[in-house]
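Close look at the chain arrangement
One-letter residues, chain by chain:
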Amino acid sequence: MIKGFHHAAVSTADLDRCVAFYTEVLGCEVAWTFSWPTGSGAADAITGLRDSSARAAMLKLGPSFIEVFEFTTPIPRTVHGDRPACDHGISHICIEVQDIQREYARLLAAGMRFHCPPQSQDTGWVTYGRDCDGNIIELLEFTGT
């Protein structure tokens, strides 16, 4: 029986920088860290990679998790610039907030880039910003109106 979603995951070129962004800017906690060396048969089987090696961190925010990987091998392809939201694959990660205007101002002051200020929608407020690697982070506030 499927119980529900547990986490999403992103790959980064710099695990320490990415963990710092998610913990210091967004308020995540490091739940646990792990790594595996090149030649780990189980890791290669799970990831579908050959001769993989990586460091990773599972980060917790409220009841949700995001997993961050830094692969050493095989060498990841470099992403150039911000990936458009319309491209296939995971489009964005959404964080529900209270007082979106205050969170937007706080995150903007911390250096987070946003596409626009929060916009009013039928059920509340929403905006898209970018994490330290250019992944889209949605801020969402339900107002019940």
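I will try to describe carefully the structure that is included in this document. (Residues numbered from 1 in each chain as written. Predicted model: local features only at pLDDT ≥ 70, side-chain atom pairs only at ≥ 80, totals over all residues. Heavy atoms only, no water.)

1. Structural notes on the overall build of the protein chain
When helices and strands are counted, the protein chain shows three helices and nine strands. N-terminal to C-terminal, the α/β element order of the protein chain is β-α-β-α-β-β-β-α-β-β-β-β. The principal-axis extent of the C-alpha atoms belonging to the protein chain is close to 55 × 40 × 30 Å. When each of the 145 residues of the protein chain is scored for burial, the buried share is 34%. A sequence separation of at least 24 residues applies to 52% of the contacts in the protein chain between residues at least 6 apart. Total accessible area computed for the protein chain in this model is approximately 9,200 Å², and 56% of it derives from carbon and sulfur atoms. (Helix = DSSP H or I, 4+ residues; strand = E, 2+ residues; numbered from the N terminus. Buried < 20%, exposed > 50% of the residue type's maximum accessible area, 1.4 Å probe, protein only. Contact = heavy atoms within 4.5 Å. Areas by Shrake-Rupley, 256 points an atom, 1.4 Å probe, with all protein chains shown as cover.)

2. Some thoughts on the layout of surface pockets
If a probe as big as a water molecule is rolled over the atoms, it shows which places are left empty. A volume near 820 Å³ is recorded for the largest pocket. As for the largest pocket, its lining consists of 26 residues, and the residues nearest its centre are Ser11, Thr12, Arg77, Val79 and Asn135. Breaking the lining of the largest pocket down by element, the ones donating at least two residues are strand 1 (7–11) and strand 4 (64–73). For the lining of the largest pocket, the leading source of residues is strand 1, giving four residues. (1 Å grid on protein atoms, 1.4 Å probe; cavity = no way out; pocket = protein on both sides within 12 Å on 5 of 7 lines; lining within 4 Å. Points joined across faces, edges and corners; volume = space filled by probe spheres on them.)

Note that all results are geometric; they support no functional claim without further evidence.
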